[in-house]
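Structure at a glance
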Amino acid sequence: MVFQRAPAAPLQPFVARLWASDGRVEISAGVTPVHEHVLPTGWMHVVVRLTDQPLYLLGRSAEQRVTLPPCLVGGARSTFHARLTTSASCSVGALLRPGAASLLFGVPAGELAESHTSLEHLWGAAAPRLRDELSGIGSAEGRLALFERRLGERLPLSTGLNPEVAALLQHMRNAPTVRDAVRSSGLSHRRFIADFRHAVGLAPKTYAQVRRFQSALRLMRSEPAAQLVDVALGAGYSDQSHFGREFLVLAGVTPAVYRQRAPAEANHLPVAP
């Protein structure tokens, strides 16, 4: 069971959602392995895993796998990544808004994109110390409260995003194309792309594709009987064919397969090993 909620007001400009799995920290061996595609959101996340069961990032085959560190930052991604986890785990995490990376980790989002980075590389000894603190708390709510406090200690007192970052995102939301967003910003095309990638981790066009994909997921889950062509048009695709091509690239399966499997969590799709 996963407990999740919005952060307290001071963190809301930087953190979209907090979560903690309500599982035991100590889990016996023999738990069921789970292969899944983790779908892109366009945003980054930070996770502290409290169980010692390994989490593997998979390559093109199950034999090509990398063990991920227990405390990590998942950068913004342009497509899904495959992983092998277990059916029982305990973790605490946060989904971060664009612009939070340089404040929390001291590096641009672009340097963390398309990869997993050990939190210890960014925070030093504070990362394993935080894991030890969280492991000593018995409830998901208690772990989440402590995790939120530690994030708040690393963020500036602010009522909003850096105005320049907020302006870039607003131009992207308001404009039908990246070219229109660049024009309304008053920046050169190269400067707009560079600044956006610095704050978000992805190029503007890629970010727009991922966010449109996420809109489609929300429509599919909120209206399970809707025709896929209506989902496509409602999410902003030119037609169902366009929707299907991009969905396959971003999710690794077709929209019909995704709907058939109906994952419990929108962005965690179980797949056959």
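Given the structure is predicted, the values throughout are model-derived calculations rather than measurements.

Our next topic: the nonpolar core. Grouped together as the largest cluster of nonpolar side chains are 38 residues, with contacts concentrated most on F192, F196, F213, F243, F247 and Y258. If you tally residues by element for this core, the top one is helix 8 (residues 204–222), at six residues. Apart from residues lying up to four places away in sequence, F196 is in contact with L168, L169, M172, G201, L202, A203, P204 and Y207. Counting residues in hydrophobic clusters, the runner-up holds 34 residues, among them V15, V48, L119 and A127.

This part takes up the sheet that holds strand 7 (residues 71–74). Taken in spatial order, the six strands make up an open sheet running 1-2-9-4-7-10, and their pairing is antiparallel. In this open sheet, the two edge strands, each paired with only one partner strand, are strand 1 (2–5) and strand 10 (116–118). The average undirected angle you get between the axes of adjacent strands in this sheet is 20 degrees. As judged from the four bridges shared by strand 1 and strand 2 (residues 15–21), these two strands associate in the antiparallel manner. Looking at strand 2, one finds that V2 is bridged to S21. The strands touched by helix 4 (residues 140–154) are strand 1, strand 2, strand 4 (44–49) and strand 9 (91–96); relative to strand 2, the strand with the most contacts, the crossing angle is about 145 degrees.

Another point: unusual backbone geometry. The backbone phi angle of E114 is positive, close to 65 degrees, even though this residue is not glycine. Taking relative accessible area as the criterion, E114 reaches 36% and is therefore assigned partly exposed. The backbone phi angle of A262 is positive, close to 45 degrees, even though this residue is not glycine. Following the sequence through the fold, A262 ends up in the loop between helix 11 (255–261) and strand 11 (268–270).

Criteria and thresholds
- Residues numbered from 1 in each chain as written.
- Predicted model: local features only at pLDDT ≥ 70, side-chain atom pairs only at ≥ 80, totals over all residues.
- Heavy atoms only, no water.
- Core = buried A, V, L, I, M, F, W, Y, C linked by side-chain atoms within 4.5 Å.
- Buried < 20%, exposed > 50% of the residue type's maximum accessible area, 1.4 Å probe, protein only.
- Helix = DSSP H or I, 4+ residues; strand = E, 2+ residues; numbered from the N terminus.
- Contact = heavy atoms within 4.5 Å.
- Pairing = 2+ DSSP bridges.
- Axes fitted to C-alpha atoms, helices over the stretch in contact; angles between N-to-C directions.

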